Amino acid sequence: MTSYTDIEKKQLILNYCQLRMGQITRGDVTEIATRCGYLTANGHLSESGRSLSQVLAATDRVMKVA
């Protein structure tokens, strides 16, 4: 499996923020997450996806305050 750079991982988080703001679709984020290896082919979280989900949860909390 190809490893992904920090820039690509940060882009996924930015895309997630755009999803939360209604600027892109959930399918876009799902496709990116699958390509980065955060989601398995059947849509479940991979090991790295579990750690990313904690980052996204924290991102959600920040966005609710903002």
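Residues numbered from 1 in each chain as written. Predicted model: local features only at pLDDT ≥ 70, side-chain atom pairs only at ≥ 80, totals over all residues. Heavy atoms only, no water.

With respect to the overall build of the chain
Assigned secondary structure in the chain consists of 3 helices and 0 strands. Scanning the chain from its N terminus toward the C terminus, one meets helices and strands in the order α-α-α. In summary, the chain has a C-alpha radius of gyration of 12 Å against a globular reference of 11 Å for 66 residues, a match within 12%. Referenced to the eigenvectors of the C-alpha coordinate spread, the extents of the chain come out at roughly 35 × 20 × 20 Å. Burial status across the chain gives 26% buried among its 66 residues. Pairs at least 24 residues apart make up 39% of the contacts formed inside the chain by residues separated by at least 6 positions. Once the 8 positive and 6 negative side-chain charges of the chain are each reduced to a mean point, those two points are 7 Å apart. (Helix = DSSP H or I, 4+ residues; strand = E, 2+ residues; numbered from the N terminus. Rg over C-alpha atoms; globule rule 2.2 N^0.38 Å. Buried < 20%, exposed > 50% of the residue type's maximum accessible area, 1.4 Å probe, protein only. Contact = heavy atoms within 4.5 Å. Lys, Arg positive; Asp, Glu negative; His and termini not counted. Charge placed at Lys NZ, Arg CZ, Asp CG, Glu CD.)

Overview of the nonpolar core
Ranked by size, the top nonpolar core spans 10 residues in total: Leu12, Tyr16, Leu19, Val29, Ala33, Cys36, Tyr38, Leu39, Leu52 and Leu56. Counting only elements with at least two residues in this core, the list comes to helix 1 (6-20), helix 2 (26-35) and helix 3 (47-65). With 3 residues, the single largest contributor to this core is helix 1. When sequence neighbours within four positions are dropped, the list of residues in contact with alanine 33 reads Leu12, Tyr38 and Leu39. (Core = buried A, V, L, I, M, F, W, Y, C linked by side-chain atoms within 4.5 Å.)

Here we look at the packing of helix 1 against helix 2
Viewed as axis vectors pointing N to C, helix 1 and helix 2 meet at an angle of 165 degrees, and their least axial separation amounts to 9 Å. When the axes of helix 1 and helix 2 are compared, the pair comes out roughly antiparallel. As helix 1 runs across helix 2, the sense of the crossing is left-handed. Counting all contacts with helix 1, which are made through Leu12, Asn15, Tyr16 and Leu19, the residues of helix 2 involved are Arg26, Val29, Ile32 and Ala33. (Axes fitted to C-alpha atoms, helices over the stretch in contact; angles between N-to-C directions. Parallel < 35°, antiparallel > 145°, perpendicular 65-115°, else oblique. Left-handed = near helix turned anticlockwise from the far one by under 90°.)

Side note on the layout of surface pockets
Looking at the largest pocket, its volume works out to about 260 Å³. As for the largest pocket, its lining consists of 15 residues, of which Tyr16, Val29, Ala33, Leu39 and Leu56 are closest to the centre. Elements represented by at least two residues in the lining of the largest pocket include exactly helix 1, helix 2 and helix 3. In terms of residue class, the lining of the largest pocket is built from 10 nonpolar, 3 polar and 2 charged. (1 Å grid on protein atoms, 1.4 Å probe; cavity = no way out; pocket = protein on both sides within 12 Å on 5 of 7 lines; lining within 4 Å. Points joined across faces, edges and corners; volume = space filled by probe spheres on them. Nonpolar A, V, L, I, M, F, W, Y, C, P; charged D, E, K, R; others polar.)

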